[in-house]
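Per-entry structural report
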Amino acid sequence: MQMENFAPIMFVGLVLTMLIGFPVAFSLAFLGLACGFFAIAMDWFPASFMSNLPLNVFGILSNDLLLAIPFFTFMGAILEKCGLAEDMLDSMGQLFGPVKGGLGYSVIIVGFILGAITGTVAGQVIAMAMISLPVMIRYGYNMRYATGVLAASGTITQLVPPSLVLVVMADQLGRSVGDMYKGAWGPSMLQVAIFALYTFGLSLVKPDHVPGVPKEARTLNGWALWSKCLRGIIPSAFLIFAVLGSMGGLPGINTAIATPTEAGAMGCVGALFLAALHKRLDKDLIWEAMHSTMRLTAMVVFILIGSRVFSMVFQGVDGAKWVEHLLTGLPGGQVGFLIVVNIFIFFLAFFLDFFEIAFIILPMLGPVAEKMGIDMVWFGVLLCVNMQTSFMHPPFGFALFYLRGIADTLFKEGRISKPVKSNDIYMGAIPWVIMQLILVVIVIFVPETVTMFLDKEETVDIDQVVIEMPTEQEVPEAELKLEGAKPSAGESAAQEQKRMEDLFKK
């Protein structure tokens, strides 16, 4: 067997290994080590090549940027349980409720705001479904629309800064987290606009699917209602500005005064303050947040180690060259490459979550995209837009699983009058997945949706540079000397040397 034929075999083995259902971190490590020892036996690279593995693993653990992951995870875990989501959904639902589709608008807006301060899908979908699903069913909302908007609004958090996916993308693509956050704001707001436009269109075409809530159902009116809305929005906006603004992750802010890790630490303090403000801060809340942070951080580190073992051996058998030749030969140039890559990622997301895709697949695609002249921030945000569909794919989407579990709990507790069918959840997700794919197409063909908020690089056209130097004829020697100017050190030395020579001649 030739070494150039082994890279595609490793790639096929990678796909099969990920499909068997065993924890991907350990599967990757085993596959990488097995292929590495086989390559040594075939004399494709020396045994000393594998001695680099401990150094690679230590490089992962000493990466300061990845310290931001536990901080942002802890911040999101605190905010999930501090009552902020419940207060915002209640107030926004009463504010927009009388409008047709008003409960849908409130879920979309609150999903966007919570996504900007929590960064976790599970807690967001669960919190919003617990509050909004009984209200939507009570006032006659279509079941498929209700389940679809709740699941889709929960997945916005994967795209809205400070998303953990964007932190990982920045690390893998070698770009700053602040730039990745700035690039994600355009698609995030566009996603919200598309969801709201769909709700508005549905209220015109099928108004019985999204009826308005009677004004008599409001428990708050006037300033009391507005003040409750502002009590949720203003602290959230302050926390967003403190965390993202300090690391240069907001449009218009070009200077970072904190690293992502330091910004995450500030976010944790802000989350604890908000929890205390809602009178939910206690020992149990902190323990639950620390426990979920520990589990997610350990999962990320083990996936990173497993993917590093595999990628090191894959590079050793010239796998990177095989991927480059495979993708650079596609028709259509950059656009053709992006279309094929996004189709591949879309179907891969049926079986893998975003961390696995980011740590395993992205290192193969990133160098090829950079060699093709694709902006890495644009490329990373584009894949992040695509990967949010991984939570919505019927029948494997995690957001749908969370919704399925919450719907059963609500029915057993008697908070909803009828059970939610799995068919309604899966069919209700399809329009929202299509809208997410529409956003992928927009970002591919209109890269300005990502780059418009990025700092503009100053480019210098070397061909237009003109260097003008005065000649001796243009500037007489007498004009070069200023009156009263002190001679330079070189001139003083020359004069002293001439004076000494004159003395010796005498």
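Keep in mind that this is a model prediction, so the values were computed, not measured. (Residues numbered from 1 in each chain as written. Predicted model: local features only at pLDDT ≥ 70, side-chain atom pairs only at ≥ 80, totals over all residues. Heavy atoms only, no water.)

Thoughts on the packing of aromatic side chains
- Within this structure, the stated rule accounts for 14 aromatic pairs.
- Centre to centre, the rings of Phe 38 and Trp 44 are 5.8 Å apart; their planes meet at 75°, and the pair counts as edge-to-face.
- By relative accessible area, which is 17% here, Trp 44 ends up buried.
- Members of the aromatic cluster, each reached through a chain of ring pairs, are Tyr 141, Tyr 145, Phe 195, Tyr 198 and Trp 432. (Phe/Tyr/Trp six-rings, centres within 6.5 Å; stacked < 30°, edge-to-face > 60°. Buried < 20%, exposed > 50% of the residue type's maximum accessible area, 1.4 Å probe, protein only.)

Concerning the pattern of salt bridges
- Per the counting criterion, the structure on display carries three salt bridges.
- In this structure, Arg 144 and Asp 424 form a salt bridge, with 3.3 Å as the shortest nitrogen-oxygen distance. Of the two residues, Arg 144 is situated in helix α8 (residues 143-155) and Asp 424 in helix α19 (residues 422-445); the sequence distance between them amounts to 280 residues.
- Residue Asp 424 is classed as buried on the basis of its relative accessible area, which comes to 16%.
- With its nearest N and O atoms 2.7 Å apart, the salt bridge here joins Arg 404 to Asp 408. Placement of both Arg 404 and Asp 408 in helix α18 (residues 398-412) is noted, with a separation of four residues, approximately one turn of the helix.
- For Asp 408, a relative accessible area of 32% corresponds to the partly exposed category. (Salt bridge = Lys/Arg side-chain N within 4 Å of Asp/Glu carboxyl O. Helix = DSSP H or I, 4+ residues; strand = E, 2+ residues; numbered from the N terminus.)

Here's the deal with unusual backbone geometry
- Although it is not a glycine, Asp 43 adopts a positive phi angle of roughly 65°.
- Secondary-structure assignment places Asp 43 in the loop between α2 (24-41) and α3 (52-61).
- Even without being a glycine, Asp 318 presents a positive backbone phi close to 65°.
- Along the chain, Asp 318 turns up in the loop between α13 (283-316) and α14 (319-328).
- You can call Asp 318 partly exposed: its relative accessible area is 33%.

Concerning the environment of Ile 303
- Secondary-structure assignment places Ile 303 in helix α13.
- According to the relative accessible area criterion, Ile 303 is buried, its value standing at 3%.
- Sequence spacing of Ile 303 and Phe 359 is 56 residues, and the spatial spacing of their C-alpha atoms is 7.3 Å.

A word on the environment of Glu 216
- In this fold, Glu 216 is placed in the loop between α10 (177-205) and α11 (222-246).
- With a relative accessible area of 70%, Glu 216 lands in the exposed category.
- C-alpha separation for the pair Glu 216 and Pro 98, spaced 118 residues apart in sequence, amounts to 9.5 Å.

Notes on the nonpolar core
- Among the nonpolar cores identified, the biggest contains 159 residues, and Leu 14, Phe 72, Leu 79, Phe 337 and Phe 379 are the most heavily contacted of them.
- Per-element accounting of this core gives the leading share, twelve residues, to helix α16 (residues 354-371). (Core = buried A, V, L, I, M, F, W, Y, C linked by side-chain atoms within 4.5 Å.)

Let's talk about the layout of surface pockets
- By volume, the second largest pocket amounts to about 310 Å³.
- Taken together, 19 residues make up the lining of the second largest pocket; nearest its centre are Asp 90, Gly 93, Gln 94, Leu 103 and Val 135.
- At the level of elements, α5 (84-96), α6 (102-115) and α7 (121-138) are the ones that each hand at least two residues to the lining of the second largest pocket.
- By residue class, the composition of the lining of the second largest pocket is nine nonpolar, six polar and four charged. (1 Å grid on protein atoms, 1.4 Å probe; cavity = no way out; pocket = protein on both sides within 12 Å on 5 of 7 lines; lining within 4 Å. Points joined across faces, edges and corners; volume = space filled by probe spheres on them. Nonpolar A, V, L, I, M, F, W, Y, C, P; charged D, E, K, R; others polar.)

Thoughts on the packing of α16 against helix α17 (residues 376-387)
- Between α16 and α17, the shortest axis-to-axis distance is 11 Å and the interhelical angle comes to 145°. Where α16 crosses over α17, the two elements pack in a sense that is right-handed. Between α16 and α17, the residues in contact are Phe 354, Ile 357, Leu 362, Leu 365, Gly 366, Ala 369 and Glu 370 and Met 376, Phe 379, Leu 383 and Met 387, respectively. (Axes fitted to C-alpha atoms, helices over the stretch in contact; angles between N-to-C directions. Left-handed = near helix turned anticlockwise from the far one by under 90°. Contact = heavy atoms within 4.5 Å.)

Let's talk about the packing of α5 against α6
- Packing of α5 against α6 leaves a shortest axis separation of 8 Å and a crossing angle of 145°. Considering only the axes of α5 and α6, their crossing is right-handed. From α5, Leu 84, Ala 85, Met 88, Leu 89, Met 92, Gly 93 and Phe 96 reach across to α6, where they touch Gly 102, Leu 103, Ser 106, Val 107, Ile 109, Val 110, Ile 113 and Leu 114.
- Grouping the constituent residues of the contact of α5 with α6 by class yields twelve nonpolar, three polar and no charged.

Some thoughts on helix α15 (residues 333-348)
- Spanning 16 residues, α15 covers 23 Å between terminal C-alpha atoms, matching the ideal 22 Å at 1.5 Å per step.
- Among the residues making up α15, those that are buried are Gly 336, Phe 337, Leu 338, Val 341, Asn 342, Ile 345, Phe 346 and Leu 348.
- Residues of α15 that are buried sit in contact with α14, α16, α17 and α19. (Expected span 1.5 Å × (residues − 1).)

As for the side chain of Ser 203
- Following the sequence through the fold, Ser 203 ends up in helix α10.
- By relative accessible area, Ser 203 is classed as buried at 8%.
- With residues up to four places along the chain from it excluded, the contact list for Ser 203 reads Lys 100 and Val 210.

The values are spatial; any link to function lies outside them.
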